[in-house]
There are 2 protein chains.
Amino acid sequence: MKNLSLVFRSLALPVLLLTLNAAGAQEKQPLRYVDAATLTVIGKSMPTPKLFQRVDTARYELWQPVKNYSAFSTGLAVVFRTDSRTIRARWKTGGYGLGHNMTAIARKGLDLYIERDGQWAYAGFGWPKGDNHDSALVEYMDEGEKTCLVYLPLWDEVLSLELGIDGDSRIEAVPNPFRHRIVVLGSSITHGASAGRPGMTWTARLARRMGLDFLNLGYSGQCKLQPEFARMLAEMDADAFVFDAFSNPSAGEIEERLDAFVATVRKAHPSTPLIFIQTEVRETVNFNLRARKFESDKRAAAEAGVRRLMKDDRNIYFIDSRGMIGTDHLGTVDGSHPSDQGFMYMTRHLEPQLRKIFRKYGIR
Amino acid sequence: MKNLSLVFRSLALPVLLLTLNAAGAQEKQPLRYVDAATLTVIGKSMPTPKLFQRVDTARYELWQPVKNYSAFSTGLAVVFRTDSRTIRARWKTGGYGLGHNMTAIARKGLDLYIERDGQWAYAGFGWPKGDNHDSALVEYMDEGEKTCLVYLPLWDEVLSLELGIDGDSRIEAVPNPFRHRIVVLGSSITHGASAGRPGMTWTARLARRMGLDFLNLGYSGQCKLQPEFARMLAEMDADAFVFDAFSNPSAGEIEERLDAFVATVRKAHPSTPLIFIQTEVRETVNFNLRARKFESDKRAAAEAGVRRLMKDDRNIYFIDSRGMIGTDHLGTVDGSHPSDQGFMYMTRHLEPQLRKIFRKYGIR
């Protein structure tokens, strides 16, 4: 049977090739795999002992789950050029659970964009299976060199990542395609719940649209103006800081902590713009009066606190959130976390306001 | 310690109640649970032996997974009026797997809307845990009667469903709030991959926006103009049929099957509008030349087939899909399946065209 099968395959191959060529696609050939660590890894706010992590967890006194989240590959991406017509990936993730309000693709999958006519166009995703993944991202592409951007998982560690290309093709690192350094500290909304895939967070969308390097420090449920976050930002190199810092704390925590938090960052960065985004008006408040009061108190404390600081510091900004996740009440998955629809509304809301502020600082 | 804890609680309670009342919310009280089968179940295209199913699986010769999918609660919802300030649910699902491109909320969760100012506003979701669920949908609402709409899971059977309300409150069935019967046969796109929650499919969105009863017969990967689907539709009572019937078959299957499929439906429904939606232009074709050709051939066969039938039948319609899932290439989770962003674009595209057609038949 084995011999017969070989005969059949040697007969069938020319016919198959003819069909594929008619469709403009190529025959499959053996792949070779390269360690993604040899390419360019972007989205990192600091060097880390392990490459695919956001924050050096040994450097700061972090609590759980912030310590775990710091080791996640949230916001990280690999950029490279290749003339391969196939891009596959093998990657391992750290076994973090899946949760109820996100897809597995967003949590543990990959997300590929390719530069086309000066824009980043979606090209394919890496299909997650358990924590040991092996998936095509895109196949049957045309000839020619392409610049590729692969976003890493939003909600897990990446222990290893290899990219598979056609055996006879080239792959090489390229410089970071995004300019400046916009550090974003935030809640789960920034962390990417409930984006459909890793490149659909609001920071990744704006990076592609604006060509700017947004560095994602979203910490689901944990971003409450704590001193350790301020110390972390104080040590970072940044052209601007953007804060989604009023989604997790209570009104009382905002009142207690905001001034000290800003003072710590300001001491290290005397004139860097600090841009505070008001927390979204959640859909959880539509009927729940208790949530409505909690959120309304929080927004009032946030706006009062930032506007007070703005009186003495012309490099502090406040972005209002009315309409930020749309006006149709359909922008979240669970009342709190923007879906891709919500993130689309959010980027429409934020982009013009950020552009206006950034322009003053030569960030463009 | 237990006694001390009791003392503490009895002291703490009045303070807590005071706080809650100040926020306009009420104390918690014991709940009572009612079987959702005693309320109004909408979205069913036919009576079924088990209430929370779409199709009587014994009546048709169905193949797998169509048989399983027929027993799913996709598109079904429970409507009722209540003056309860809390709505909880206990429900059991059938153990169907979770997949990679959808949230657990969409697959196994619940999704509550409440009528407000003549519109359906999102009120809360039922948090899925395994297959034996117990979750608040909304709490701390104000007083007064409300009309509620709870969508059931998109991707599993519902074996039982009970709604929990405040012990001293009323709950009662109400008539179906949606008019007419629009039967939609379709692919995974209609089935609801990759909606963020059960009420975010394009059919559920249009039902709430237009006030019309869209009956969801989305069959992921299985909607290929098979004769058995035509026989099923022939037996149904419908004011219009809408087809997302070109997403799953190949160009060849469309050419082979379309005429016979339409003939079977037409024999039973001589002048009912048959509205064919062209399949979306997938994002999988951005760089994959083979997928591009397959999809392009399919769209050509679909358009040619329907336009040929339209020459002899003025009650057949074709809706073009250019721009249907947006023009930003960000409308899908995985290249094929609309995210909530894609479904938002899709409803914007379809609503005016469907309204125009429906108007001719008094469907409004």
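Counting of residues starts from 1 at the beginning of each chain's written sequence and follows it residue by residue. Just so you know, chain letters begin at A and ligand numbers begin at 1, following the order they were written in. In keeping with the model being predicted, local features are shown solely for residues with a pLDDT of at least 70 and side-chain atom pairs are shown and tallied solely at 80 or more, while totals for entire chains, interfaces and linings include all residues. Side-chain metrics rest on all non-hydrogen atoms present in the structure, leaving aside hydrogens and water.

Let's talk about the interface of chain B and chain A
Thinking step 1. In what follows, residue pairs with any heavy atoms lying within 4.5 Å of each other are defined as contacts. Across the contact, 49 residues belong to chain B and 49 residues belong to chain A.
Thinking step 2. A simple way to read buried area is as the amount of 1.4 Å-probe accessible surface that goes missing from two parts once joined, with both sides added. Both faces considered, chain B and chain A share a buried interface measuring about 4,200 Å² in area, 61% of it formed by carbon and sulfur atoms.
Thinking step 3. Together, His 100, Phe 287 and Arg 290 of chain B form the three largest contributors to the area buried by chain B at its contact with chain A, with a combined 20%.
Thinking step 4. When a carboxyl oxygen of Asp or Glu lies within 4 Å of a side-chain nitrogen of Lys or Arg, that pair is called a salt bridge. Summed over the shared surface of chain B and chain A, the number is zero salt bridges.
Thinking step 5. Secondary structure elements follow DSSP: runs of H or I of four or more residues count as helices, runs of E of two or more count as strands, with numbering from the N terminus. Put simply, the parts of the chain that give the side of chain B that touches chain A at least two residues each are helix H3 (104-108), strand E5 (110-116), strand E6 (119-126), helix H5 (202-210), helix H8 (289-310) and helix H9 (340-360) of chain B.
Thinking step 6. For the side of chain B that touches chain A, the element with the most residues is H9 of chain B, which contributes five residues.

Regarding the sheet that holds strand E7 (residues 132-138) of chain B
Residue and element names in this part refer to chain B.
Thinking step 1. Taken together, four strands build an open sheet; the order of strands is E1-E9-E4-E7 and the sheet is antiparallel. Single-partner strands in this sheet number two, and they are strand E1 (31-35) and E7. Averaged over neighbouring strand pairs, the angle between their axes works out to 25° when direction is ignored.
Thinking step 2. Each pair of strands is called paired provided DSSP finds at least two bridges between the two strands. As defined by bridge partners, strand E4 (residues 87-93) adjoins E7 across six bridges and the pair is classed as antiparallel. Residue pairing in the sheet places Lys 92 in a bridge with Asn 132 of E7. Orientation is described by axes fitted as lines to C-alpha atoms, over the contacting stretch for helices, and by angles from 0 to 180 degrees between their N-to-C directions.

Concerning the side chain of Ser 45 of chain B
Thinking step 1. In this fold, Ser 45 of chain B is placed in the loop between strand E2 (40-42) and helix H2 (66-70).
Thinking step 2. In contact with Ser 45 of chain B, other than residues within four places in its own chain, are Arg 54, Val 55, Arg 181, Leu 215, Leu 217 and Met 236 of chain B.

Structural notes on the pairing of strand E6 (residues 119-126) of chain A
Residue and element names in this part refer to chain A.
Thinking step 1. Using a 1.4 Å probe on the protein chains alone, a residue whose accessible area is under 20% of its type maximum counts as buried, one over 50% counts as exposed, and one in between counts as partly exposed. Across the eight residues of E6, seven count as buried, placing the element largely inside the fold.
Thinking step 2. Bridging between strand E5 (residues 110-116) and E6 involves seven bridges; their strand directions are antiparallel. Bridge pairing links Leu 110 to Gly 126 in E6.
Thinking step 3. Counted along the chain from E5 to the antiparallel partner E6, the turn is two residues long, and its residue Asp 117 has a positive phi close to 50°.

Brief notes about the packing of aromatic side chains
Thinking step 1. Any pair of Phe, Tyr and Trp rings, taking the six-membered ring for Trp, is counted once the centres come within 6.5 Å. Such a pair is stacked with planes under 30 degrees apart, edge-to-face with planes over 60 apart, and tilted for the rest. Counting across every chain of the model gives 34 aromatic pairs over all chains.
Thinking step 2. Judged by centre distance (5.0 Å) and plane angle (45°), the rings of Tyr 219 of chain A and Phe 229 of chain A are tilted. In this pair, Tyr 219 of chain A is assigned in the loop between strand E12 (212-218) and helix H6 (227-235) and Phe 229 of chain A in helix H6, connecting sequence segments ten residues apart. The pair formed by Tyr 219 of chain A and Phe 229 of chain A is uniform in burial state, with each residue classed as buried.
Thinking step 3. The interplanar angle of 50° and the centroid separation of 6.4 Å between the aromatic rings of Phe 214 of chain B and Phe 358 of chain B together place this pair among those described as tilted. Pair noted here: Phe 214 of chain B is in strand E12 (residues 212-218) and Phe 358 of chain B is in helix H9, with a separation of 144 residues, a long-range link. No difference in accessibility class separates Phe 214 of chain B from Phe 358 of chain B, as the two residues are buried.
Thinking step 4. Each member of the aromatic cluster is reached from another via a ring pair, and the members are Phe 241, Phe 243, Phe 246, Phe 261 and Phe 276 of chain A.
Thinking step 5. In this analysis the charged atom, NZ for Lys or CZ for Arg, is taken to sit over a ring once it is within 6 Å of the ring centre and within 35 degrees of the ring normal. Across from the ring centre of Tyr 33 of chain B, 3.5 Å away, lies the NZ or CZ of Arg 90 of chain B, which sits over that ring.
Thinking step 6. We note Arg 116 of chain B situated over the ring of Phe 287 of chain A; from NZ or CZ to the ring centre the distance is 5.1 Å.

Let's talk about the pairing of strand E15 (residues 316-319) of chain B
The two faces of a sheet get side chains in turn, since along a regular strand they alternate between them.
All names here are of chain B.
Thinking step 1. A two-sided burial pattern is seen for E15, the buried positions comprising Ile 316 and Phe 318 on one face and Tyr 317 and Ile 319 on the other.
Thinking step 2. Summarising the sheet, strand E14 (residues 274-277) and E15 pair through four bridges and their orientation is parallel. In the strand pairing of E15, Phe 276 is matched with Phe 318.
Thinking step 3. Between the parallel elements E14 and E15, the chain passes through H8 in a crossover that is right-handed. The path from the first strand over the helix to the second decides the hand: if it runs clockwise while the strands point away from the viewer, the crossover is right-handed.

A word on the environment of Leu 39 of chain B
Thinking step 1. In this fold, Leu 39 of chain B is placed in the loop between E1 and E2.
Thinking step 2. As for Leu 39 of chain B and Pro 175 of chain B, which are separated by 136 residues in sequence, their C-alpha atoms are 9.5 Å apart.

So, the relation of the copies chain B and chain A
Thinking step 1. When the copies are overlaid, the least-squares fit takes in C-alpha atoms only where the residue has pLDDT of at least 70 in both copies. For the pair chain B and chain A, the best superposition has an RMSD of 0.0 Å and corresponds to a rotation of 180° with a translation of 0.0 Å parallel to the axis. The superposition operator between the copies reduces to a two-fold rotation axis. Taking C-alpha positions as reference, the residue of chain B nearest the rotation axis is Gln 341 of chain B, located at 1.9 Å.
Thinking step 2. In this assembly the copies share their binding face: 100% of the residues contributing to the interface of chain B also contribute to that of chain A.

Description of unusual backbone geometry
Residues and elements named next belong to chain A.
Thinking step 1. Of note, the amide linkage connecting Gln 64 to Pro 65 takes the cis form, showing an omega dihedral of 5°.
Thinking step 2. Cis peptide bonds are those with omega within 30 degrees of zero, and the linkage from Ala 193 to Ser 194 qualifies with 10°.
Thinking step 3. One can find Ser 194 in the loop between helix H4 (188-191) and helix H5 (202-210).
Thinking step 4. Look at Tyr 140: it is not a glycine, yet its phi comes out positive at around 60°.
Thinking step 5. Position of Tyr 140 among the secondary structure elements: in the loop between strand E7 (132-138) and strand E8 (146-151).
Thinking step 6. In this structure Tyr 140 comes out as buried when scored by relative accessible area, which is 8%.

Details of H9 of chain B
Residues and elements named next belong to chain B.
Thinking step 1. Expected span of a helix, by definition, is 1.5 Å for each gap between consecutive residues, and there is one gap fewer than residues. With 21 residues, H9 should reach 30 Å at 1.5 Å per residue; the first-to-last C-alpha distance of 30 Å fits that figure.
Thinking step 2. Taken as a whole, H9 carries its principal kink of about 30° at Leu 350; the proline Pro 352 stands between one and four residues after it.
Thinking step 3. Two residues or fewer after H9 comes Gly 362, characterised by a positive phi angle close to 70°. Note that bend, as reported per residue, equals the angle between axes fitted to the 7 residues terminating at that residue and the 7 residues originating from it.

Things to note about the UniProt feature "domain: SGNH hydrolase-type esterase" (unreviewed entry) in chain A
Thinking step 1. UniProt positions are given in the numbering used here, feature names are shortened, and annotations may be inferred rather than shown by experiment. Within this structure's numbering, the places UniProt gives as "domain: SGNH hydrolase-type esterase" (unreviewed entry) are residues 180-354 of chain A.
Thinking step 2. The span residues 180-354 of chain A shows a helical share of 45% and a strand share of 15%, and its end C-alpha atoms are spaced 14 Å apart.

What about the confidence of the model for chain A?
Thinking step 1. Considering every residue of chain A, the mean pLDDT works out to 93; 92% of them sit at 70 or more.
Thinking step 2. Values of pLDDT, ranging from 0 to 100, describe the predictor's confidence in every residue of the model. Scored below 50 in pLDDT, residues 1-25 of chain A makes eleven contacts in the model with residues more than four places away or belonging to other chains.

Let's talk about the sheet that holds E14 of chain B
Note on sheets: strands pair through backbone hydrogen bonds, and any given pair is parallel or antiparallel.
Residue and element names in this part refer to chain B.
Thinking step 1. On the basis of which strands lie adjacent, the open sheet formed by five strands has the order E12-E11-E13-E14-E15 and parallel pairing. Whereas interior strands pair on both sides, the edge strands pair on one side only; in this sheet they are E12 and E15. Pairwise comparison of adjacent strand axes, ignoring direction, gives a mean angle of 20° for this sheet.

Details of the domain arrangement of chain A
Residue and element names in this part refer to chain A.
Thinking step 1. All the domain ranges listed were derived from an automatic or database domain assignment. Taken domain by domain, chain A holds domain 1 (31-173) and domain 2 (179-360).
Thinking step 2. Relative placement of domain 1 and domain 2: their C-alpha centres are 25 Å apart.
Thinking step 3. Counting residues at the interface gives 36 residues for domain 1, matched by 32 residues for domain 2.
Thinking step 4. Here domain 1 and domain 2 share an interface that buries about 2,700 Å² over both sides, 62% of which is from carbon and sulfur atoms.
Thinking step 5. Taken as a group, Tyr 60, Trp 63 and Asn 101 account for 20% of the area that domain 1 buries against domain 2, more than any other trio of residues on that side.
Thinking step 6. The interface formed by domain 1 and domain 2 includes two salt bridges.
Thinking step 7. Arg 197 is the partner of Asp 111 in a salt bridge, and the nearest nitrogen-oxygen pair spans 2.9 Å.
Thinking step 8. Here a polar contact is taken to be a pair of N or O atoms separated by no more than 3.5 Å, where protein atoms must pair a possible hydrogen donor with a possible acceptor and residues adjacent in sequence count only if both atoms sit in side chains. One can count 18 residue pairs in polar contact (both at pLDDT 80 or more) joining domain 1 with domain 2.
Thinking step 9. Listing elements by their share of the side of domain 1 that touches domain 2, those giving two or more residues are helix H2 (66-70), helix H3 (104-108), E5, E6 and E8.

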